[in-house]
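The residues making up each chain are set out below.
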Amino acid sequence: MPRILMRIFSGYTWHFHTVKEKEIFLTFDDGPTPEITPFVLAQLKQHQAKATFFCIGKNIEKHPEIYNTIIAEGHSIGNHTQNHLKGWKSDNTIYIDDFLACEKTITQFNKSKIKQKIFRPPYGKIKKSQAKEIIKKGYKIIMWDVLSGDFDTKLSKEKCLQNVLQNTQKGSIIVFHDSVKAAERMQYALPKVLNTFSKKGFSFKSI
């Protein structure tokens with residue numbers, strides 16, 4: 001992620017600079033997805049890793065059992081809008097209403113009632129005016145400093161893995177996707193990322 005963007009949008013969280021330990025923050029966007037999310041959860045459990053899932057509200061409604069499994073296994077949940085809206089192309093009122101709809105869904109279907117007030121804009125695209133409203137509601141906007149690129153069908157699975165291995169450092173926030181579109185590349189890269197950094201003494205934490 002270009003450093004200039006991190007400086008311009010310094011009100012968002014791109015990286016955890018304050019961590020003292022060798023910690024990494026894995027994140028997964030767009031689920032829950034029955035074909036993919038259980039694979040992710042199994043891999044995380046195998047490495048005693050925790051992660052953060054930025055869920056689309058309509059997917060929570062379709063798959064509440066997977067959603068609650070994510071929570072029961074100790075992972076964090078973040079708001080990713082109800083319908084995966086692109087902020088740059090959305091009217092502010094429509095965008096915030098969609099964000100609030102996802103907040104309601106996250107609460108309604110959450111059996112544990114544990115709640116993290118974190119938000120990631122779909123595509124990483126959000127207007128400053130939209131972000132201001134969301135921050136005013138007590139949310140932290142979580143971006144990333146390592147983008148795997150697993151969503152890109154033109155990217156090889158090997159390149160996806162390389163993106164993560166070469167750019168991850170202590171405190172990094174890494175983006176994967178638990179979606180059908182990203183499945184081939186994510187399912188190749190994730191086990192290798194978990195194994196490589198576990199051997200290097202890193203732990204994987206939720207936000």
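Residues numbered from 1 in each chain as written. Predicted model: local features only at pLDDT ≥ 70, side-chain atom pairs only at ≥ 80, totals over all residues. Heavy atoms only, no water.

Novice: What am I meant to see in the layout of surface pockets here?
Specialist: A water-sized probe, rolled over the atoms, reveals where empty space remains. In this model, the largest pocket occupies a volume close to 360 Å³. Looking at the largest pocket, it is lined by 17 residues, and the ones nearest its centre are Asp30, His84, Tyr123, Phe151 and His177. Among the residues making up the lining of the largest pocket, the classes are represented as 8 nonpolar, 5 polar and 4 charged. (1 Å grid on protein atoms, 1.4 Å probe; cavity = no way out; pocket = protein on both sides within 12 Å on 5 of 7 lines; lining within 4 Å. Points joined across faces, edges and corners; volume = space filled by probe spheres on them. Nonpolar A, V, L, I, M, F, W, Y, C, P; charged D, E, K, R; others polar.)

Novice: In this structure, what is going on with helix H6 (residues 128–136)? I would like to understand it.
Specialist: For H6, the complete set of buried residues consists of Gln130, Ala131 and Ile134. Relative to the axis of H6, the buried residues are bounded by an arc of 95° and lie together on one face. Those residues of H6 that are exposed and angled more than 90 degrees off the buried face are Lys128, Lys132 and Lys136. Considering only its buried residues, H6 is in contact with helix H5 (92–108), strand S4 (118–119) and strand S5 (140–141). Taken from the residues just after H6, Gly138 is the one with a positive phi, measuring 90°. (Buried < 20%, exposed > 50% of the residue type's maximum accessible area, 1.4 Å probe, protein only. Helix = DSSP H or I, 4+ residues; strand = E, 2+ residues; numbered from the N terminus. Arc of directions from axis to C-beta. Contact = heavy atoms within 4.5 Å.)

Novice: Would you explain the environment of Lys157 in this entry?
Specialist: The residue Lys157 is located in helix H7 (residues 157–167) in this model. The sequence separation of Lys157 and Ala182 amounts to 25 residues, and the corresponding C-alpha distance is 9.7 Å. What Lys157 contacts, discounting residues up to four positions off in sequence, is Glu184, Arg185 and Tyr188.

Novice: Would you take a moment to explain the pairing of strand S3 (residues 76–79) for this structure?
Specialist: For a regular strand, side-chain orientation follows a simple rule: the groups alternate between the two sheet faces. Burial of S3 is two-sided: the residues Ser76 and Gly78 facing one way and the residues Ile77 and Asn79 facing the other way are all buried. The pairing of strand S2 (residues 51–55) with S3 spans 4 bridges and is parallel. Its bridge partner lying in S3, Phe53 is registered against Ile77. (Pairing = 2+ DSSP bridges.)

Novice: Mind showing me how you'd approach the nonpolar core here?
Specialist: Across soluble globular proteins, nonpolar side chains show a tendency to be buried alongside one another. The biggest cluster of nonpolar side chains holds 34 residues, and the ones touching the most others in it are Leu26, Phe28, Leu44, Phe53 and Phe176. Breaking this core down by element, the ones donating at least two residues are strand S1 (23–29), helix H2 (37–46), S2, helix H4 (64–72), H5, H7, strand S7 (173–177) and helix H8 (183–199). In terms of residues, this core owes the most to one element, H8, which gives 7 residues. Those residues in contact with Leu44 that lie beyond four places of it in its chain are Leu26, Phe28, Ala49, Ala51, Phe53, His75 and Leu194. (Core = buried A, V, L, I, M, F, W, Y, C linked by side-chain atoms within 4.5 Å.)

Novice: It is not clear to me how the pairing of S1 should be interpreted in this structure. Could you clarify?
Specialist: Within S1, 7 of the 7 residues are buried, leaving the element largely enclosed by the surrounding structure. For S1 and strand S8 (residues 203–204), the ladder comprises 2 bridges, and the chain directions are parallel. What sits directly across from Glu23, in S8, is Ser203. Here S1 runs beside S7; their pairing, made up of 5 bridges, is parallel. Across the sheet, residue Thr27 finds its bridge partner in S7, namely Val175. One ladder, built from 4 bridges, connects S1 with S2; its direction is parallel. Bridge assignment links Phe28 to a residue of S2, and that residue is Phe53. The handedness of the S1 to S2 crossover, carried by H2, is right-handed. (Right-handed = clockwise from strand over helix to strand, strands pointing away.)

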